[in-house]
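# Chains, contacts and geometry: an overview
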Amino acid sequence: MALTKVSSAGLNINAGLPFPATAVAVADANTLDDYEEGTWTGVVSDTSDPTNPMTMNASYTTGYYTKIGNLVTVTGQFITTSLGSATGAIKITGLPFTVFNNGAARVGGGAGYGGGFAITAGHSVNYWAINNTTYIQLYVWDVTTGVSEMQASEWTADGNTMIGFSYRAA
Amino acid sequence: MALTKEVKYDKIEVVGDSKHVQCRQATIVSEDGVELSRSFHRHVLHPDSDISGEPQEVQDICAAVWSDEVKQAWSDYRAAQQP
């Protein structure tokens with residue numbers, strides 16, 4: 001670490017601030033104890049057990065992540081070429097860190113783009129990161145009470161979406 | 001001048017009561033033994049994941065932490081998430 005000055009004005013860092021390869025977790029909520037950047041692989045699957053993954057377009061299955069402390073931000077565009085055996089409700093698996101297992105950590109977002117869908121014009125697609133897992137469940141705003149689970153039949157073989165959101169890691 | 005590329009798991013973490021195994025794969029590019037860059041790709045294994053394609057080191061960790069109780073608890077949790 002190139003730490004050139006510590007003064008009342010704060011740190012003066014001219015070559016980045018490295019964190020150890022293995023994070024040293026600190027309980028103090030005012031201490032930044034981890035930073036990491038990388039990629040993850042998103043796969044659209046159904047929610048059956050075991051899941052049936054769709055066939056991904058190899059050029060659109062990798063997303064980026066940045067983890068700052070316990071907050072992970074993920075982005076990515078995910079496109080399929082075939083539904084495979086997927087049926088029923090669908091999700092995108094492969095988040096780089098497990099979502100914290102607490103109701104207060106629930107988070108979702110709206111799709112930034114959609115293509116290859118078979119939904120009604122005017123409806124929108126959103127998602128919800130499920131606690132204690134590494135996937136997001138997809139929903140459509142298409143019922144009078146709010147959302148319903150997006151179905152594989154609504155995604156279609158060449159389905160295409162962009163996501164981006166932040167969540168608390170376990 | 002010799003450029004080399006090495007891919008390895010440089011961090012394996014066990015997280016939470018469900019014993020999720022978080023794997024970080026590092027791609028390291030070096031020149032004459034001096035590291036030039038290191039990039040990361042991550043994935044997470046759950047107690048019902050297929051680990052047959054994972055390195056033996058990862059399989060050993062999974063086998064050590066995924067007890068029958070852990071697997072059953074994860075199965076119950078998964079079932080509760082089904083639509």
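Just above, that's the structure.
Residues numbered from 1 in each chain as written. Chains lettered and ligands numbered in written order. Predicted model: local features only at pLDDT ≥ 70, side-chain atom pairs only at ≥ 80, totals over all residues. Heavy atoms only, no water.

## A word on the pairing of strand 12 (residues 135–143) of chain A
Residues and elements named next belong to chain A.
- Relative to strand 12, strand 8 (residues 90–93) is paired through three bridges, and the arrangement is antiparallel. Bridge pairing links Lys-91 to Gln-137 in strand 12.
- When strand 11 (residues 125–129) meets strand 12, the two strands line up antiparallel, connected through five bridges. Across the sheet, Tyr-127 pairs through a bridge with Leu-138, a residue of strand 12.
- Here strand 11 hands over to strand 12 after five residues, with Asn-132 in that stretch at a positive phi of 65 degrees.
- Two elements, strand 12 and strand 13 (residues 146–149), share three bridges in a ladder whose sense is antiparallel. When the bridges of strand 13 are listed, Val-140 appears paired with Ser-148. (Pairing = 2+ DSSP bridges. Helix = DSSP H or I, 4+ residues; strand = E, 2+ residues; numbered from the N terminus.)

## Regarding the pattern of salt bridges
- For the structure shown, the criterion picks out nine salt bridges over all chains.
- Residues Asp-34 of chain A and Lys-67 of chain A are paired through a salt bridge, measuring 2.8 Å at the closest nitrogen-oxygen approach. In this pair, Asp-34 of chain A is assigned in the loop between strand 2 (10–13) and strand 3 (35–41) and Lys-67 of chain A in strand 6 (residues 62–68), connecting sequence segments 33 residues apart.
- For Asp-34 of chain A, a relative accessible area of 7% gives the class buried.
- The exposure class of Lys-67 of chain A is buried, given its relative accessible area of 10%.
- One salt bridge connects Arg-42 of chain B with Glu-13 of chain B, and the closest N-O pair in it is separated by 3.1 Å. Linking Arg-42 of chain B in strand 3 (residues 34–45) with Glu-13 of chain B in strand 1 (residues 3–15), this pair joins segments that are 29 residues apart in sequence.
- Judged by its relative accessible area of 23%, Glu-13 of chain B falls in the partly exposed class.
- It is possible to trace a salt-bridge network through shared partners that takes in Glu-36 of chain A together with Asp-10, Glu-13, Arg-24, Glu-35, Arg-38 and Arg-42 of chain B. (Salt bridge = Lys/Arg side-chain N within 4 Å of Asp/Glu carboxyl O. Buried < 20%, exposed > 50% of the residue type's maximum accessible area, 1.4 Å probe, protein only.)

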